[in-house]
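Geometric and topological summary
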Amino acid sequence: MFSHTLFSFLTVALVASTALAQVRHRDPLVVRHYGVRDFRAAEQEQRHDMLAARANSNLRFNYGKDKVRGVGIGGWLVIEDFITPSIYRQTGDHRVIDEWSFAKYTPYNKAVQILQDHYDNFITESDFAEISAYNLNHVRVPFPYWGIRKWRGEPYIKLNQFEKLKQAAHWAHKYNLKMIIELHTVPGGANPYDHGGHTNHTNWLGNEKYENRWLEILDVLAEEFSQSKYPAVTGISIVNEPNGDANQIYGQYRRGYNTVRRHDSDAELLVIIGDAFQNPASSDFWSDKFSAPQFQQVMLDTHIYRLFDPPSIALTQDQRIQYYCGLKKGLAKANNHLYTLIGEWSPAFTDCAPGLNGRFLGHRYDGSFPGSTRRGSCQGRTGNANQFSRGFKANLKKNFEAQADAYSSGAGWIMWTWKVENHNADEWSYRAGVQNGWIPHNPTHLDYHCP
Ligand SMILES: *[C@@H]1O[C@H](CO)[C@@H](O)[C@H](O)[C@H]1NC(C)=O
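The present account deals with the structure reproduced in this document. (Residues numbered from 1 in each chain as written. Predicted model: local features only at pLDDT ≥ 70, side-chain atom pairs only at ≥ 80, totals over all residues. Heavy atoms only, no water.)

What follows concerns the pairing of strand E1 (residues 68–72). Among the five residues that make up E1, four are buried, leaving the element largely enclosed by the rest of the structure. Pairing of E1 with strand E8 (residues 412–415) involves four bridges; the strand directions are parallel. Residue pairing in the sheet places valine 68 in a bridge with glycine 412 of E8. Bridge count between E1 and strand E2 (residues 138–144): three bridges; the pairing is parallel. By the bridge assignment for E2, valine 71 is matched with valine 139. (Buried < 20%, exposed > 50% of the residue type's maximum accessible area, 1.4 Å probe, protein only. Helix = DSSP H or I, 4+ residues; strand = E, 2+ residues; numbered from the N terminus. Pairing = 2+ DSSP bridges.)

If you want it as structure tokens, here you go:
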């Protein structure tokens, strides 16, 4: 009886607060009927709501005040050929280009042995100690959905990836780091890239079956990491780099948000959403979405690379620095609405790293990638840092520092990536950057600041 009464009371309260939220939530279509002054007033009120939500937050890190400085733990629980080329090479099979084909073509026992050895040894507790010693405060850990479960017809190999993820959260806490859980692959595939699991399979968006499977995975992640025994875990990034119509993706994000909040109703965790290639520094697509009070503690994640397209590759060093610094203002503005994180970026400025564009695919920079126009030689622009010229390292240093400075005007930054196997592409490695001098031991001590 008591519980029934309580239930009724909660229902009434919930309905009332939902109705209130809907009234207060400003639909852009409604706003359009008002005059400009009303729009400004509405905008100000919305900003007030966002700041109030921040002030009262239950988050496990003060994102409203303290800046994120971190690294992605790339190539660990999600394989990327340019970070750990030995994984696919050990198969001796040229059909292996991603985790789908790795699992499909490699004898099961051999595949298990390769992966288990990798999970146990590529990243260990000492990596977390070292990351912390470099004055970073965050790690972002990509995770594959098949570490929780896979479905019929999928060859992916489920081992102890989920246990490793939980272990990582404990290591992070031990070394005073915060950790973002990042669902890097989703059922059906959210993008065509090799690190999405299955190259050229982009079937997640708009497919009810895959979307429901995705929510099932998010449900498990949220149930686990909302628990107070994971004080290091501050957020769940719900899908990496989805391709497709941004409005449709926005609809999906709302379903993902609700799934996470079912376990985390007092919003201790950030729900982190990718920008769907609507860069918040230059687009206001996200500036009226996920507003408080209807939504709480949403973080927008943007990835900034200037090296995967011909115009980017053609930039001079000065133009590149100008571009990075030019983002500073827009990011600060976006960060007033949703916490705005630059969750991937790199001081690297060519696509010369072997395997970066996919296994056996070439490079736009030297013209070996299908359809590309050669700009120069990749010699000395990737590989072992002891082969890098002074001038090349000076460019990496300035690229690092300009971006670290510019991105601190948002919620902060997480550089891609922590380390790279066997000097395959040291220009991408935070660790190699510190050890070879183009990244400062303390990334708040920069020699270069944007004007
Ligand atoms: C993926 O699609 C691209 C573009 O259509 C094509 O060139 C490439 O061969 C495809 N890769 C695979 C592994 O199917």
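Moving on to the pairing of strand E5 (residues 270–274). Most of E5 sits out of view: five of its five residues are buried. Burial along E5 is two-sided: Leu270, Ile272 and Gly274 facing one way and Val271 and Ile273 facing the other are all buried. In this structure, strand E4 (residues 233–237) lies alongside E5, joined through three bridges in parallel fashion. In the sheet register, glycine 235 faces E5, and the bridge partner there is leucine 270. In terms of handedness, the path from E4 via helix H10 (residues 246–263) over to E5 forms a crossover that is right-handed. (Right-handed = clockwise from strand over helix to strand, strands pointing away.)

What follows deals with the site of the ligand. Close to the ligand lie Ile97, Thr199 and Asn200, which account for all nearby residues. In this structure, an oxygen atom belonging to the ligand sits 2.4 Å away from a side-chain N or O atom of asparagine 200. Calculation on the ligand without its partners gives an accessible area of 360 Å², and the protein chains cover 25% of this total. (Near = heavy atom within 4 Å. Polar contact = N/O pair within 3.5 Å; in protein donor to acceptor, adjacent residues only side chain to side chain. Areas by Shrake-Rupley, 256 points an atom, 1.4 Å probe, with all protein chains shown as cover.)

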